Amino acid sequence: MKAAAPLLPLLPALVLVPVLLLLPWQLHGGGWDLIGQFLMAALQPSTDPVVLQSLLRGLGITAGMALLGWFSSLLLGVVGGLASSRLLWRTLIGHTWPAEALRRVLAIPRSIHELIWGLLLLQVVGLQPAVAVIAIAIPFSALVARVVSDLLDSLPDANLHALRAAGSPAPAALLTAMGPPLLPGLISYGGYRLECALRSATLLGVFGLGGLGNELLLTLQSLEFQELWSGLWLLLAVMLSLEALIGALRKRWGMPARLSLRSAGVGQRGRELVLTLVVLVPVLLGVGRAMAIDPAAILHWHPLPPIAPGGWGEALALPWPALILNTVLLTLLAAALAVGVAPLLLLLVAPWSWGQRLLQLVWAIGRLWPPPLTALLLLFALKPGLITAALALGFHNLGILGRLLLEGTEAAAPGPQEALRNAGAGPRLALLYGRFSGLARSYLAYGAYRADVILRETVVVGLVAGTGLGSQLNESLSAFAFDQLLLLLVAYAALTLLGEDLSDRARHRLLQP
């Protein structure tokens with residue numbers, strides 16, 4: 001038996017059955033009144049000028065860290081992506097082994113979450129603004145490199161072969177034939193990574209690297225919920241403005257895969273893009289100066305304590321099977337919640353336009369709200385553990401997948417849904433069979449990619465909710481057990497690379513015609 005295509009996105013929502021059965025056992029007596037105060041404070045955020053000034057200062061630091069980390073990762077990622085492209089090396093030297101070797105090297109930094117990079121750099125160079133920038137730039141540049149190389153290798157190369165056959169040098173032929181078609185995908189993905197950088201900078205602030213994330217954590221710990229919501233609404237306004245700006249630029253600069261260099265529109269967009277880069281460089285320099293970022297200070301490392309004799313034996317004696325199993329279970333549970341609940345909620349509110357607007361607001365908050373803060377909030381009423389961590393991580397990724405699904409349904413052809421409505425079908429049935437049918441496989445393919453991202457993010461909630469490798473990472477950092485930290489990094493990298501391979505296989509299978 002096979003599930004019908006419209007039902008495929010709903011299948012992961014079956015995980016709600018065991019979660020709801022286990023949830024009563026995770027509840028404890030206190031904290032419900034605090035959760036009620038937290039929800040009510042959303043309607044009455046603080047307007048104290050002192051509070052707002054502090055939040056705006058933290059927001060400026062977070063935005064600065066995100067902007068510098070994003071731009072650095074974009075530059076390094078484009079260079080790394082070109083250098084790891086099979087097409088580029090095949091055109092230049094006739095072999096692809098340099099690309100294969102570099103791809104394997106770049107898999108290591110992208111397999112480790114930016115939070116781990118930040119915490120490690122914090123131990124080595126101390127607390128300084130550049131730590132967050134570098135922590136974002138390292139994994140993001142490797143992620144950008146992977147996407148750029150895949151985009152370049154997937155482009156049609158007929159024009160490249162024609163130019164080479166006409167005697168054009170390899171570098172000039174690559175730039176002329178492959179540069180313009182690569183640009184739209186690069187612009188689109190670059191905008192997405194800027195949104196991710198803002199979320200990552202907020203997350204790093206939660207763990208002590210400054211900015212608005214630190215302000216949100218302090219207000220939550222002190223139960224100042226009105227101040228907390230003031231910061232959250234500010235962050236939401238910035239994020240929605242950023243999404244709108246990136247969407248407008250993507251529409252304006254979004255070019256077809258095949259285009260002519262003689263097109264007047266391309267020339268206009270090219271000039272606008274160059275002008276934007278020219279303006280952006282002094283802005284970045286000003287941001288770096290305002291944040292007092294000193295690149296030379298990164299070179300002054302604090303000496304690490306030596307590993308004690310017999311330390312490796314203690315590190316190897318950790319409960320590795322249980323830690324790895326909990327991490328995998330957390331990934332699967334959070335991914336199933338995020339992937340399955342998004343279409344389920346959209347179906348439930350289908351008859352009401354106000355319901356969709358409310359969902360958009362909740363999903364926007366979910367995208368912005370750092371998962372560790374969600375875990376801390378859930379701990380008011382739930383015990384630490386796998387369920388609490390999965391709910392926190394699932395809520396964050398639900399916001400991301402919900403936005404994607406909603407955009408996909410709005411962009412899909414309305415004909416089938418309208419035909420079903422005219423035939424007497426209800427709004428939910430028309431949405432299910434009229435829109436979800438065509439989006440099912442692509443949505444699940446993105447869900448498979450998102451599961452790969454969730455695996456990297458398990459460290460974030462594990463530090464707070466006390467489960468998986470993240471919980472052990474917290475204990476090892478507190479004890480300065482660097483032998484354990486090294487093994488934890490190896491375990492995380494191996495799990496992430498394995499998950500990345502499985503995710504790629506699942507996406508290819510889902511997207512096959």
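Please read these numbers as outputs of a predicted model, since none were measured by experiment.

About the criteria used
Residues numbered from 1 in each chain as written. Predicted model: local features only at pLDDT ≥ 70, side-chain atom pairs only at ≥ 80, totals over all residues. Heavy atoms only, no water. pLDDT = per-residue confidence, 0-100. Contact = heavy atoms within 4.5 Å. Core = buried A, V, L, I, M, F, W, Y, C linked by side-chain atoms within 4.5 Å. Buried < 20%, exposed > 50% of the residue type's maximum accessible area, 1.4 Å probe, protein only. Helix = DSSP H or I, 4+ residues; strand = E, 2+ residues; numbered from the N terminus. Arc of directions from axis to C-beta. Polar contact = N/O pair within 3.5 Å; in protein donor to acceptor, adjacent residues only side chain to side chain. Salt bridge = Lys/Arg side-chain N within 4 Å of Asp/Glu carboxyl O. Patch = residues over 30% accessible without salt bridge, like charges linked within 9 Å, V, L, I, M, F, W, Y side chains within 5 Å. Areas by Shrake-Rupley, 256 points an atom, 1.4 Å probe, with all protein chains shown as cover. Phe/Tyr/Trp six-rings, centres within 6.5 Å; stacked < 30°, edge-to-face > 60°. Lys NZ or Arg CZ within 6 Å of the ring centre and 35° of its normal.

Moving on, we come to the confidence of the model for the chain. Taken over all residues, the pLDDT of the chain has a mean of 84, while the share at 70 or more is 93%. Overall, residues 255-267 carries pLDDT values under 50, and its contacts beyond four positions in sequence, including any with other chains, amount to twelve contacts.

The nonpolar side chains of a soluble globular protein tend to be buried, and buried together. Trp70, Ile116, Phe225, Leu469 and Leu473 are the most contacted members of the largest nonpolar core, which has 89 residues in total. Not counting residues within four places of it along the chain, the set of residues in contact with leucine 469 comprises Trp320, Leu323, Ile324, Thr327, Leu488, Ala491, Tyr492 and Leu495.

The next thing to look at is helix α10 (residues 212-221). Three or more residues of α10 are buried, namely Leu212, Gly213, Leu216, Leu217, Thr219 and Leu220. The arc enclosing the buried residues of α10, seen along the axis, measures out at 165°, which places them on a common side. Note on α10: the residue one or two positions beyond its end, leucine 223, has a positive phi of about 60°.

Another aspect to go through is the environment of threonine 388. Turning to its location among the elements, threonine 388 is positioned in helix α17 (residues 386-411). With relative accessibility at 0%, the residue threonine 388 sits in the buried group. Sequence separation between threonine 388 and leucine 330 is 58 residues, and the spatial gap between their C-alpha atoms is 9.7 Å. Dropping the residues within four chain positions of it, threonine 388 is found in contact with Ala375, Leu378, Leu379, Leu382 and Lys383. A distance of 2.5 Å separates a polar side-chain atom of threonine 388 from the backbone oxygen of lysine 383.

All right, on to the pattern of salt bridges then. Oppositely charged side chains can pair when the atoms bearing their charge come close. One pass over the structure, following the stated rule, counts 16 salt bridges. Measuring nitrogen to oxygen at the nearest pair gives 3.2 Å for the salt bridge that ties glutamate 407 to arginine 403. Residue glutamate 407 and its partner arginine 403 are both found in helix α17; the two are separated by four residues, about one turn of the helix. For glutamate 407, a relative accessible area of 41% puts it in the partly exposed group. Taking the relative accessible area as the measure of exposure, arginine 403 reaches 22% and is therefore partly exposed.

Moving on: unusual backbone geometry. Its identity is not glycine, yet leucine 223 carries a phi of approximately 60°, on the positive side. In this fold, leucine 223 is placed in the loop between α10 and α11 (225-253). On the basis of relative accessibility, which here comes to 36%, the residue leucine 223 falls in the partly exposed class.

On the surface, a nonpolar cluster with roughly 440 Å² of combined accessible area is contributed by Val274, Leu275, Val278, Val279 and Val283. Here leucine 275 shows up in helix α12 (residues 264-290).

According to the stated counting rule, one finds nine aromatic pairs in the structure shown. With a centroid separation of 6.3 Å and 55° between ring planes, the pair formed by tryptophan 70 and phenylalanine 71 is classed as tilted. Residue class for phenylalanine 71 comes out buried when judged on its relative accessible area of 17%. Taken together, the ring pairs in this structure connect Phe38, Phe225, Trp229, Trp233, Trp369 and Phe380 into an aromatic cluster. The side chain of arginine 193 reaches across the aromatic face of phenylalanine 140, ending 4.2 Å from its centre.

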